Amino acid sequence: MTQITPEEPHGAHARDEAAPRRSRAASGDDLIVLENVNKHFGDFHALKDIDLRIPRGQVAIVVGPSGSGKSTLCRTINRLETIDDDGGRILLDGQPLPAEGKQLAQLRAEVGMVFQSFNLFAHKSILENVTLGPIKVKGKRKADAERHAMELLERVGVAQQAKKTPAQLSGGQQQRVAIARALAMEPKALLFDEPTSALDPEMVQEVLDVMVQLAEGGMTMVVVTHEMGFARKAGDRVVFMADGAILEDTDPESFFTAPQHERARDFLGKILAH
């Protein structure tokens, strides 16, 4: 895996690469669109009138206190959670999300998801975990799927672990495998739901390094995270949520240096103090 050297800090490198992503953002080429999206769990209003547009190639960081709706928002984008049937809608590449069947499986191939708990198949090898989707969903030949999988495992730095099972890997290695598995489907976008929250502190950076490299490569990403350093360095945009609503949506520098909303200032004051 290509390493980012100490002489080339993440912040400088990520911001250098962020400029072309932002210029594309200005073109109106929206890959993910949420319009008036609401979500209830019984009486609990988890998402409130969400309007959000993610241009192709943008890295959008979603932050906020626990229970603010961040993960629910992330999970609605590939329909792991349905939204209320009240006129709101979600579009991927200009098309409404399909409800079920083969079209839904295709959607989940086009919008990869990386979870905090890895979700690897324990009884399958690392290589099998990465090739299963391309073979079963996309109909790739096994040899082609394995060749591509090994390239991706090399890219995320775990190619030497290909024959092992997930239990034989560290948490950081498992999460990098999960990223490779998502990339194997050749997605249009990747969703990350707290990808480092289940990791020991010393393993967090190795996963963030891979995510920085994806951002630099122009991958459209929606990242729910508490890693404020990553948000500031690799993000093109910060979306701050509280109580199911988007309260701020701005560039990272503005959010971290001059948050406009009192809830955002309170959030940053608490999280940056630790």
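Residues numbered from 1 in each chain as written. Predicted model: local features only at pLDDT ≥ 70, side-chain atom pairs only at ≥ 80, totals over all residues. Heavy atoms only, no water.

**Quick notes on the pairing of strand 9 (residues 237-242)**
Most of strand 9 is tucked away: six of the six residues are buried. Going residue by residue along strand 9, you find Arg237, Val239 and Met241 tucked away on one face and Val238, Phe240 and Ala242 tucked away on the opposite face as well. Sheet analysis places strand 3 (residues 59-63) next to strand 9, joined by four bridges and oriented parallel. Within strand 9, the position partnered with Val63 by the bridge is Phe240. One ladder, built from five bridges, connects strand 9 with strand 10 (residues 245-250); its direction is antiparallel. (Buried < 20%, exposed > 50% of the residue type's maximum accessible area, 1.4 Å probe, protein only. Helix = DSSP H or I, 4+ residues; strand = E, 2+ residues; numbered from the N terminus. Pairing = 2+ DSSP bridges.)

**Some thoughts on empty space enclosed by the protein**
According to the stated counting rule, one finds one cavity of 30 Å³ or more in the structure shown. In this structure, the largest cavity occupies an estimated 30 Å³ of space. Forming the boundary of the largest cavity are Arg155, Val156, Leu183, Val210, Gln213 and Leu214. Each residue belonging to the lining of the largest cavity can be placed in one class, and the counts come to four nonpolar, one polar and one charged. (1 Å grid on protein atoms, 1.4 Å probe; cavity = no way out; pocket = protein on both sides within 12 Å on 5 of 7 lines; lining within 4 Å. Points joined across faces, edges and corners; volume = space filled by probe spheres on them. Nonpolar A, V, L, I, M, F, W, Y, C, P; charged D, E, K, R; others polar.)

**A look at the sheet that holds strand 5 (residues 95-96)**
Taken in spatial order, the four strands of this open sheet run 2-1-4-5, and their pairing is antiparallel. Of all the strands in the sheet, just strand 2 (44-55) and strand 5 have a single pairing partner and so form its edges. In terms of strand pairing, strand 1 (residues 30-41) meets strand 2 through eight bridges, oriented antiparallel. Of the residues in strand 2, the one forming a bridge with Phe41 is Phe44.

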